[in-house]
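Residue-level structural notes
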Amino acid sequence: MSRWLKLTLKIGGVLLSLALILWMVVAGYVYSHKEELLLTITKQLNEDINGQLTIEKMEPALIRGFPGISVSLENVLLRDSLWSIHKHDLLQADKVYIAINAFSILSGSPTIKDIRINDGKIYLFTDTNGVRNTDIFRKKPASSKGGGNSSKRINRVYLKNVYLTVDDKQRDKLLIFNINNFNGNLNYNSLGWKGRVNMKARVESFAFKVARGSFMKNMELDADLDLIYLDKEHQLRIPLQEVTIGRDDLEVGGVFHFAPDFSDYKIDIKAESIEFKNATALLSTHISSRLKPYSVKSPVGIQASIEGKLKGGGEPLINASWTAKDNTISSAGETITDCSFTGIYSNELVKGKKRNDPNSVIAFYNMSGKYYDIPFKSDSIQIADLKDPVFTGKFKADFKLSKLNKIFGGTTFLFNGGTAELNLLYKAPFNQDDKGQRFIYGTVHVHDAKATYKPRNLALKDMHLVMNFKGNDLFLDNIKVKSGNTTLAMQGTLRNFSNLYYTDPEKMLVNWQIKSPEINLNEFMVFLGKRKSYTASTGDNRAVAKMSAQLDKVLEQASMKMNVNVDRLIYKKFVATQVRSEITLKRAGIAINNLSLNQGGGNLNITGNIDQSGKINRFNVDTKIRNVNVEKLFYAFENFGQDAITDKNLRGSFFGGTSVSGSMTDNGKIVPRSFKGSVDFDIRNGALLNFEPMTRAGAFAFPNRNFSDIRFSNLKNTLHIQGSKILIPPMEIRSSVLNIFLEGVYSFDRGTNIALKIPLRNPEKDEVIINTDLKNNRDLKGIVINLRALDGEDGKVRFRLGKNTPDGYQ
C-alpha cells in the first residue's frame, strides 16, 4: 500500500470519527433537551403562519435521520385562526418526522430541512364567502431582527397514507387524493426552485364543478414529475411528461399562476393510444355521459386541455380531441366500420359566451367509413347545444342500391340493381323523439334502379330519379320508371317532409305529376287490395328494425295526390284516351277527385272513392257521360255488374250520368248485386237487340213484328238500382215495332213486377203525323193491352194480363 493511500485513509478515518463523535454529541443534546427542542421547533413553525400548530409529543428518531438528526412528532394538529368559523383542520397527523440541520441545533436555532407525514389528513378549505384555511400561510411582516428566512426553507416533503382534500365551496371545486406515497424534493435557486415529485395516489375526486362530476374519478395515479417554480412570476410549471392513470400511460403537464391578480391555470393531457372507454373515464361524468352512447373498438389518440382560474370561480374551458384510423364506431345499435376521423369536444362553441351545455359541442371532422357496408365521407359532423342537442352533418356517398336492403330489411323496397349518389347536409334534433325542426339540403341521384315494392308486390325497373332536398321540403325530379309494360315520367313534391317523416307521417301528402303514353291498370291492381306488412329480418339489430318500421309506417300512412296525364289507359275491357285525372291514394282508400277521358267516341267525367278499410272494397262513383257509344260503354264497365241489359242488347249514343255505389274484390271484380244508386240515361238513335223480356212479350202479343231488333230515336229515364233490383219509373219507349209505357221493378233474383201498357196500333202508321200533341193523343187510342211481367216458377220472367200497379214499386 502506498504512503499517500495510507495517509488518505487515516485522514478519512479521523474525519469520519470526528463526524460520528459530533453526531453523537448532537444526538445526546437532542435526548437531553427534548422538551426545549420541541418548544423551539413549534415556535419556528408557528412563526410564519396565522394560526396554531400543536404537537402532543416529540421523540428523537436518530436512526431514521442518520447522518442527520430526525425527530418524531406525534398527534400533530394545524388550525388557522378562523377554525371556529369553518371547523376544518388544515392538518391532522398521527406522526410527522422532521429532519433538522445538525449544526443549527448546536446554534440554538434548529432549521427544518425535511418533513415526512404518515397517516394523516390535509384539508384545504374555502367557504362560500371566500374564507380559506390556507390563509394560515400568509407571510407575517418581516422581523427587524432577522436576516431573511432562506435558511428555513424545506427541501423535502414525504407523505405516506395521507388523505388530501381541496374543498372550495365558493367555486364548487372538490379535489380529493388518497396518497399512498409522495416524495417531493426541492432545490432553491435565484429564480425560485426546481423540484421532483414521485407520487402514487388514488384520485377520488378531481371536480372543478362538483355538480358536473369528477375527472379521473376513482383512478390510480402513478407519476414522476419535474416541477419549476418562478418566484417573480408566481408561476408553477409542470412540463409535459409521462404519468400512469389507471392502466394507461399518458403525458400530463400544466401551468399554474398564483399571483394575487392573475390566478389562471392550464392542464394538458395527451395519449398516443388509449381505449376510448378509458379516455372518456378520465373526463367528468357530465362530459362522459354525453359520449357514453358511443363505442369505439380500437384505441384512439387523445389530447385535452383544462383552463380556468384558481381564484374568482367560473367554469373552466375544456377542449378535448381524439383521432381514429380504420376504427369501428357504434352508437344506439348502429355501426360504422373502417372509420377514420378527428373528433373534438369543447364547452365554448361561441367564444365569450357562458361555458355550459347550450354552448358545448361534439364534432367529427374528415370522417370516412362504411355504414352497413355503404362507403361515405363527411367533412364535418357536429352535435351542438348538449342541453337540447342539434345534429348537423354533411355527407357524400356513392353506392349500389342493393346495399340499402341491409338497412331497411327488405320489407318495403327490395333493391335488385341500380346505383345512388348522395350529397346531403342534414340538421335535426339529435334525439329522434324530439319534435323540433329538421332540415335537409342536397341531392340524391338514382340510376338504373330495379326494385320490388313488397307491400304491393309491385315490380319496378329502369328507374331514374333526382331527389332534391330543400330545407323541410323534398322534390322528386326527372323520375322515369317502368312497371310491366307501363312507362311513367313523374315529378313529385313533399312539403314539410323532413319534419312529418318522424313526427306525423299520416299528415304527409305527396303531390305527383305523372305522364305516360300508355298505362295498363291491370298491372296496378295490387293497389286495390290492402297494403301488406312485413317484419324486417334484422336479427338483434334494433336500429335496423326501427328504421325499417319507420319507413314502412310512412309509406302506409302518407297520402299521395296524383295528377295524371295519360295518352291511353287500359283496364280489363275498358280502353280510354286523353286521360286527365286527379287521384289521391290514402291510407284506407282511393279518392278520384276528377277523372276526364275519351271513350267510345265520347267523353266521361268521373268522381268517386274506394274504401279499402274492410274485407271488401266499397266504392262510390259519380259519372257524367256525353255522346258515348252505349254498346262500348256497357262493355267497358262490364254491364255495371248486372246481366239484365248488356252490351249485346244495346246500340246508340249515350248521354247522362250515374251515381252508384257498390263493392269490388281486391282484383277489381265487381261483387254481384252490390250496386246501389241511379243511372240517368238518354240514348239517342238507339236500338234494343235480343232483349229477352221484349222478345218474349213480342212473341206473346205480336208474333208478326220483329221484337229482336227494336229501333228508337230517343230513350230517356232514370233507373234506380237497389242491389238485385232495378226500379223503373214511368217510361215511354217509342220504337219501330211498338210504343210501350211501362213502370215497375226488375229483379235479378226474385221480385220482378213490371206493368206494361202496349197500344196495338202499329207505330209506323203514325210516322207521317208531324204534330206531336196529336201523335201523343193517338198513343192510347184503339186496343191497349195491359200486361204484367212477373217471376215465373222456373226463375224466368212470365207475362200475364192485368193492369194493376206493380207491387213494391215506389
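Computed from a prediction, not measured in an experiment: that's the story for all the values here. (Residues numbered from 1 in each chain as written. Predicted model: local features only at pLDDT ≥ 70, side-chain atom pairs only at ≥ 80, totals over all residues. Heavy atoms only, no water.)

**Overview of the overall build of the protein chain**
- Within the protein chain, the regular secondary structure consists of 13 helices and 38 strands.
- A fraction of 54% describes how many contacts in the protein chain between residues 6 or more apart in sequence connect residues 24 or more apart.
- Of the accessible surface of the protein chain, which amounts to about 42,400 Å², a share of 53% is contributed by carbon and sulfur atoms. (Helix = DSSP H or I, 4+ residues; strand = E, 2+ residues; numbered from the N terminus. Contact = heavy atoms within 4.5 Å. Areas by Shrake-Rupley, 256 points an atom, 1.4 Å probe, with all protein chains shown as cover.)

**Remarks on the pattern of salt bridges**
- Considering all chains together, one arrives at 21 salt bridges under this definition.
- A salt bridge links K95 to E74, with the shortest nitrogen-to-oxygen separation between them at 3.2 Å. With a gap of 21 residues between them, K95 in strand β3 (residues 91–100) and E74 in strand β2 (residues 69–80) connect regions that are remote in the sequence.
- One salt bridge in this structure joins D709 and R711, with 2.9 Å as the shortest N-O distance.
- A single network of salt bridges, built from pairs that share partners, joins R212, E315 and D357. (Salt bridge = Lys/Arg side-chain N within 4 Å of Asp/Glu carboxyl O.)

**A look at empty space enclosed by the protein**
- Counted under the stated rule, the structure contains five cavities of 30 Å³ or more.
- Estimated volume of the largest cavity: approximately 650 Å³.
- Around the largest cavity, the lining is made up of 32 residues, and of these I645, F691, L719, I728 and M731 lie nearest the centre.
- Top contributing element to the lining of the largest cavity by residue count: strand β33 (residues 709–722), with five residues.
- For the lining of the largest cavity, the class distribution of residues is 29 nonpolar, three polar and no charged. (1 Å grid on protein atoms, 1.4 Å probe; cavity = no way out; pocket = protein on both sides within 12 Å on 5 of 7 lines; lining within 4 Å. Points joined across faces, edges and corners; volume = space filled by probe spheres on them. Nonpolar A, V, L, I, M, F, W, Y, C, P; charged D, E, K, R; others polar.)

**A word on the nonpolar core**
- Core analysis: the largest hydrophobic core is formed by 183 residues, its most contacted members being F206, I302, W322 and L756.
- When residues no more than four places from it in sequence are discounted, the contact partners of I302 are L250, I269, K270, A271, I274, A279, L282, S321 and W322. (Core = buried A, V, L, I, M, F, W, Y, C linked by side-chain atoms within 4.5 Å. Buried < 20%, exposed > 50% of the residue type's maximum accessible area, 1.4 Å probe, protein only.)

**Some points on the side chain of N356**
- Its place among the elements puts N356 in the loop between β15 (334–346) and β16 (361–371).
- Judged by relative accessible area, which is 19%, N356 ranks as buried.
- Leaving out residues up to four positions away in the same chain, N356 has contacts with R212 and N347.

**Details of the packing of aromatic side chains**
- This structure, assessed with the given rule, holds 18 aromatic pairs.
- Aromatic pair Y123 and F125: ring centres 6.3 Å apart, planes at 40°, arrangement tilted.
- Residue class for Y123 comes out partly exposed when judged on its relative accessible area of 22%.
- The exposure class assigned to F125 is buried, which follows from its relative accessible area of 6%.
- In this structure, R116 is placed above the aromatic ring of Y158, and the distance from its NZ or CZ to the ring centre is 4.3 Å. (Phe/Tyr/Trp six-rings, centres within 6.5 Å; stacked < 30°, edge-to-face > 60°. Lys NZ or Arg CZ within 6 Å of the ring centre and 35° of its normal.)

**Describing the environment of M467**
- Here M467 is to be found in strand β21 (residues 458–471).
- Overall, M467 belongs to the partly exposed group, its relative accessible area being 22%.
- Between the C-alpha atom of M467 and that of V446, which follows or precedes it by 21 residues, the distance is 8.2 Å.
- In this structure, M467 is in contact with G442, T443, V444, L474, F475 and L476, ignoring residues within four places of it in sequence.

**Some remarks on the confidence of the model for the protein chain**
- Residues at a pLDDT of 70 or more form 82% of the protein chain, whose mean pLDDT is 81.
- Segment residues 806–810: pLDDT under 50, and 15 contacts once partners within four positions in sequence are set aside and those in other chains are kept. (pLDDT = per-residue confidence, 0-100.)

**Considerations on the pairing of strand β32 (residues 676–689)**
- In terms of strand pairing, strand β31 (residues 650–664) meets β32 through eleven bridges, oriented antiparallel. Directly across from G656, in β32, lies its bridge partner F681. (Pairing = 2+ DSSP bridges.)

**Quick word on the pairing of β21**
- Inspection of the sheet shows strand β20 (residues 439–453) paired to β21 by eleven bridges, in the antiparallel sense. Bridge pairing links H445 to V466 in β21.
- Taken together, β20 and the strand that follows it, β21, pair antiparallel across an intervening segment of four residues, in which N457 is found at a positive phi of about 50°.

**Topic: a positive patch on the surface**
- A cluster of basic side chains, namely K572, K573, K648 and K669, defines a positive patch on the protein surface.
- Topologically, K572 is positioned in the loop between β26 (559–571) and β27 (574–586). (Patch = residues over 30% accessible without salt bridge, like charges linked within 9 Å, V, L, I, M, F, W, Y side chains within 5 Å. Lys, Arg positive; Asp, Glu negative; His and termini not counted. Charge placed at Lys NZ, Arg CZ, Asp CG, Glu CD.)

**Quick word on unusual backbone geometry**
- We note that D326 has phi near 50°; this positive angle belongs to a residue other than glycine.
- Its place among the elements puts D326 in strand β14 (residues 317–331).
- Positive phi, normally seen in glycine, also occurs at Y372, with a value near 50°.
- Position of Y372 relative to the elements: it lies in the loop between β16 and β17 (374–384).

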